[in-house]
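Each chain is listed here by its residues.
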Amino acid sequence: MKQFFIYVLATIAGIWITILISILGSFLMLIMMIAAGSGSSSPEISKHSILHINLDGSIEERAQGKSLIDELQGIQNNSIPLNDLIKSIRHAATDSKIDGIYLECNGGSAGTATLAYVAEELAKFKESGKWIVAYGDAYSQGNYYLASVADSLWLNPIGNIDIHGLGGSTPYFKGLLDKLGVEAQVIKVGTYKSAVEPYIMTGPSEANIQQIKAYINPIWDYIKDGIATGRNVDSETVNQWADSIIATQNPATFASRNVVSSLLYRHEAEDWMKTATETDSDESLNLVSPTTYAASIKDKKSDNKIAVLYAVGDIVDTGNSGIVGAKMAPMILDLAEDDDIDALVLRVNSGGGSAFASEQIWEALEQFKAKGKPFYVSMGDVAASGGYYISCGADKIYCQPVTLTGSIGIFGIIPCVKGLLTDKLGVNVSTISTNPNANLSLAEPMTEIQRAAMQRQIDRGYETFVGRCAEGRNLSVDSIKAIAEGRVWDGMAAKRIGLVDELGTLNDCIEALALEQGYDKYQIVEYPDPKGEWWEEILMASDNVKESILNEELGEARQLYNAIKKATQLERIQCRMEPIVIE
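Residues take numbers from 1 onward in each chain, read along the sequence in its written order. Confidence filtering applies because this is a predicted model: local features only for residues at pLDDT of at least 70, side-chain atom pairs given and counted only at 80 or more, and all residues used for totals across whole chains, interfaces and linings. Water and hydrogen atoms play no part in the side-chain values, which are based on all heavy atoms of the structure.

Draft legend 1. Quick look at the overall build of the chain. Counting from the N terminus, the helices are DSSP H or I runs at least four residues long and the strands are E runs at least two residues long. Along the backbone of the chain there are 21 helices and 22 strands. Note on exposure labels: buried denotes an accessible area under 20% of the residue type's maximum, exposed denotes more than 50%, and partly exposed covers the range between, all computed with a 1.4 Å probe on protein chains only. Looking at the 583 residues of the chain, the share that counts as buried comes to 45%. Counting only contacts in the chain whose residues sit at least 6 apart along the sequence, the fraction spanning at least 24 positions is 76%. All accessible-area figures derive from a Shrake-Rupley calculation using a 1.4 Å probe, and residue coverage is judged against the displayed protein chains alone. Carbon together with sulfur atoms contributes 53% to the accessible area of the chain, which is approximately 28,300 Å² in total. Should any heavy atoms of two residues lie within 4.5 Å, those residues are considered in contact.

Now the structure itself:
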């Protein structure tokens, strides 16, 4: 027995020593990588280089941090930072070392406004006289929209192209909740505030169907017209491609119909680019990614500094991801006090979230304006509900024609699990309190008094939201209420009804702000720092592993998992637009 205990203790000690050595080794490797990264110089770009935009992942607003931990764990990140991509395309137009752009279309994804932003910059690049070519074995609709800008659009002879129009699917959970014995108790303001519908209905309301059709049709018209212009066909022809399920048709007919320039195998496309760049046939093309190329571009230095603050994701009170009110508001106040920062552009890409956090961010932005510094907003794919709340006080608001915005409304949702606990599981909950409404329990439905009190709170929040919008947009409260009610608008309609000032991209917004301030030269400083501290990377390592495992195991079911998880983590009062997938 004594030998047994000695063996067990020795084994435990060995395990702990192994763990400690592994942690120490990983830590030392991380320090070495940080040191190596800090000492690295800007990459050199050779003559006859090609800006290679490999569309095999999602296009995100900007580069994400935690890359060192990702490398340690072997996690691949194929996302393309939009800020690096736009910067690269713009600079490449006047860089004698870049001969052209190669769009390699491998099914990557992006929001509609993001795609439109990139397409616009590609069209401006062509004005330099340099070429753009696109190649793909199979084009997604988003990839094809970008590729339609190219001088030559090539397809593998047995490849396909997916053009189907715009649409999306939303899961509705009421049937599942009924079976589980869970009731979603909803209090809201806004006829069109549809974010709560998946929890209390089995399908969309007529008002929701109306608003979706009102914005999805003009957005499709914009995309369809862009494809038509690029491929030199009329818009109705593109509609016919979509209606006929062109992905199932014989590619041999595509060139004659101008769907593609020609059918080529990959090596033939590469041979063309070798000829165009004077590269020997036995040598490799000199391809440069947007991230690498952006790192080689020296930022302009100036005493006039414009802060670009990224507000991307769900708005939450606390946490490590999304727009965190507890972090964002103090950061804005610091920028207000920073004498080196002369102006602010808030880049918003959010469907909203916590009403409380939205108010804190709005108030911090008001403090920024009180310092006499100009404040503009640039909207990305979506800036709705809480995303519009934090935008409405800007001196000027820019959005793109296909941006989704508005959704000025508010709701509260409190689940009641009495049916699950009592009827399904046989669990009875007893509550003892001094007052009849002292306990707002998930195990019991709300009383009439509690529901009325929640409605008053929601109404008060809505009036505050509407008041912020009216003040920021210099409109009457009644005017805002007439276009509020939780309704979502496309960018073109939003400009027409006064929710935004101008149609334009992030660069358009920055340039307009600089022009108004009389800046001949200016420097852009981006916030927050996406890299974070080294210790933050270590703390986030487990989350990265968890995300990787979930993505691998759940696959397409991850969207359903995310929706259920989000529902369980919502703050009670929300300024949120329903998640909309436009594919």
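Draft legend 2. Fine view of the sheet that holds strand 4 (residues 98–105). The six strands lie next to each other as 8-6-5-4-1-9, forming an open sheet whose pairing is parallel. Two strands lie at the open edges of the sheet, namely strand 8 (262–263) and strand 9 (287–288), each paired on one side alone. The pairing criterion for strands is at least two bridges between them, as found by DSSP. Here six bridges tie strand 5 (residues 131–139) to strand 6 (residues 152–161), and the two strands are oriented parallel to one another. Bridged to Tyr-135 within strand 6 is Trp-154.

Draft legend 3. Here's a closer look at the state of the cysteines. Disulfides are defined as pairs of cysteine sulfur atoms found within 2.5 Å of each other. Per the stated rule, a full pass over the model turns up zero disulfides. Between Cys-392, a cysteine without a disulfide, and Cys-469, which holds the nearest cysteine sulfur, the sulfur-to-sulfur distance is 4.2 Å. Cys-392 sits in the buried class, given a relative accessible area of 0%.

Draft legend 4. Inspection of a nonpolar patch on the surface at higher detail. On the surface, a cluster of nonpolar side chains totalling about 240 Å² of accessible area is made up of Leu-425, Val-427 and Val-429. Take Val-427: it is sitting in the loop between helix 15 (418–424) and helix 16 (448–473). Exposure above 30% relative accessible area and the lack of any salt bridge qualify a residue for a patch; like charges then connect within 9 Å, and the nonpolar side chains Val, Leu, Ile, Met, Phe, Trp and Tyr within 5 Å. By definition here, a salt bridge exists when the distance from a side-chain nitrogen of Lys or Arg to a carboxyl oxygen of Asp or Glu is within 4 Å.

Draft legend 5. Just helix 10 (residues 266–276), in detail. Of all the residues in helix 10, the buried ones are Ala-269, Met-273 and Lys-274. The buried residues of helix 10 occupy an angular sector of 145° when projected down its axis, which confines them to one face. Considering only its buried residues, helix 10 is in contact with strand 1 (49–55), strand 4, strand 5 and strand 6. Of the residues flanking the end of helix 10, it is Glu-278, one or two places downstream, whose phi is positive at about 55°. By arc we mean the arc of the directions from the helix axis to the C-beta atoms, nothing more.

Draft legend 6. Representation of the pairing of strand 4 within the structure. In terms of burial, strand 4 is largely enclosed, as eight of its eight residues are buried. Alignment of strand 1 against strand 4, held across seven bridges, turns out to be parallel. If you follow Asn-54 over to strand 4, its bridge partner there is Glu-104. With six bridges connecting them, strand 4 and strand 5 associate as parallel partners. By the bridge assignment for strand 5, Leu-103 is matched with Ala-134. With helix 4 (residues 112–126) bridging strand 4 and the parallel strand 5, this β-α-β connection has right-handed handedness. Orient the strands so they point away from the viewer; a crossover is then right-handed if the path from the first strand over the helix to the second runs clockwise.

Draft legend 7. View of the packing of helix 4 against helix 19 (residues 506–516). Convention adopted: a line fitted to C-alpha atoms gives each axis, helices being fitted over their contacting stretch, and angles between N-to-C directions are expressed from 0 to 180 degrees. Packing of helix 4 against helix 19 leaves a shortest axis separation of 10 Å and a crossing angle of 70°. It follows from the interaxial angle that helix 4 and helix 19 lie roughly perpendicular. From helix 4, Tyr-117, Glu-120, Glu-121 and Lys-124 reach across to helix 19, where they touch Leu-506, Asn-507 and Asp-508. Residue polarity is assigned by list, with Asp, Glu, Lys and Arg as charged and Ala, Val, Leu, Ile, Met, Phe, Trp, Tyr, Cys and Pro as nonpolar; anything else, Gly included, falls into the polar class. Tallied by class, residues from the contact of helix 4 with helix 19 come to two nonpolar, one polar and four charged. Any angle that falls under 35 degrees is termed roughly parallel, while one over 145 is termed roughly antiparallel, one within 65 to 115 roughly perpendicular, and all others oblique.

Draft legend 8. Spatial organisation of the side chain of Lys-130. On the secondary structure map, Lys-130 appears in the loop between helix 4 and strand 5. Nearest to the buried, unbridged Lys-130 among oppositely charged side chains is Asp-95, at 5.9 Å. Within polar-contact distance, the side chain of Lys-130 engages the backbone oxygen of Asp-95 at 2.5 Å. Throughout this description, a polar contact denotes any pair of N or O atoms lying within 3.5 Å of each other; where both atoms belong to protein, one of them has to be capable of donating a hydrogen while the other can accept it, and for residues adjacent in sequence the pair is counted only when both atoms sit in side chains. A distance of 2.7 Å separates a polar side-chain atom of Lys-130 from the backbone oxygen of Ile-98. Ignoring sequence-local partners within four residues, the contact set of Lys-130 consists of Ala-92, Ala-93, Thr-94, Asp-95, Ser-96, Ile-98, Asp-99, Phe-125 and Asp-151. We score Asp and Glu as negative and Lys and Arg as positive, and we do not count His or the chain ends.

Draft legend 9. Broad picture of the packing of aromatic side chains. Aromatic pairing here means that ring centres of Phe, Tyr or Trp (its six-membered ring) are within 6.5 Å. Orientation follows from the plane angle: under 30 degrees is stacked, over 60 is edge-to-face, and everything else is tilted. Overall, the coordinates contain six aromatic pairs when judged by the stated rule. Here the aromatic rings of Trp-154 and Trp-272 are separated by 5.5 Å at their centres, their planes lie at 65°, and the arrangement is edge-to-face. Placement of the pair is Trp-154 in strand 6 and Trp-272 in helix 10, with a sequence separation of 118 residues. By relative accessible area, which is 36% here, Trp-272 ends up partly exposed. Aromatic pair Tyr-376 and Tyr-398: ring centres 6.4 Å apart, planes at 20°, arrangement stacked. On the criterion of sequence distance, the pair formed by Tyr-376 in strand 15 (residues 375–384) and Tyr-398 in strand 16 (residues 396–399) is long-range, its members being 22 residues apart. Neither residue differs from the other here; Tyr-376 and Tyr-398 are each classed as buried.

Draft legend 10. Spotlight on the confidence of the model for the chain. Across the chain, the average pLDDT comes to 87, with 81% of residues at or above 70. Looking at any residue, its pLDDT shows the predictor's confidence there, from 0 to 100. Counted against residues more than four places away or in other chains, residues 32–40, with its pLDDT under 50, gives five contacts. Every residue in residues 538–542 scores below 50 in pLDDT, and together they form seven contacts with partners more than four places removed in sequence or on other chains.

Draft legend 11. Representation of the environment of Leu-55 in the model. With respect to the element layout, Leu-55 can be found in strand 1. Residues Leu-55 and Asn-143 lie 88 residues apart in sequence; the distance between their C-alpha atoms is 7.4 Å. Not counting residues within four places of it along the chain, the set of residues in contact with Leu-55 comprises Ile-80, Glu-104, Cys-105, Asn-106, Gly-107, Gly-108, Asn-143 and Leu-146.

Draft legend 12. Here's a closer look at helix 13 (residues 355–370). Helix span is expected to be 1.5 Å times the residue number reduced by one. Spanning 16 residues, helix 13 covers 23 Å between terminal C-alpha atoms, matching the ideal 22 Å at 1.5 Å per step. Listed as buried for helix 13 are Ala-355, Ala-357, Ser-358, Glu-359, Ile-361, Trp-362, Ala-364, Leu-365 and Phe-368. Between the side-chain oxygen at the start of helix 13 and the backbone nitrogen of Phe-356 there is a gap of 3.3 Å, and the oxygen is on Ser-354. With its phi angle positive at about 80°, Gly-372 sits one or two positions after the end of helix 13.

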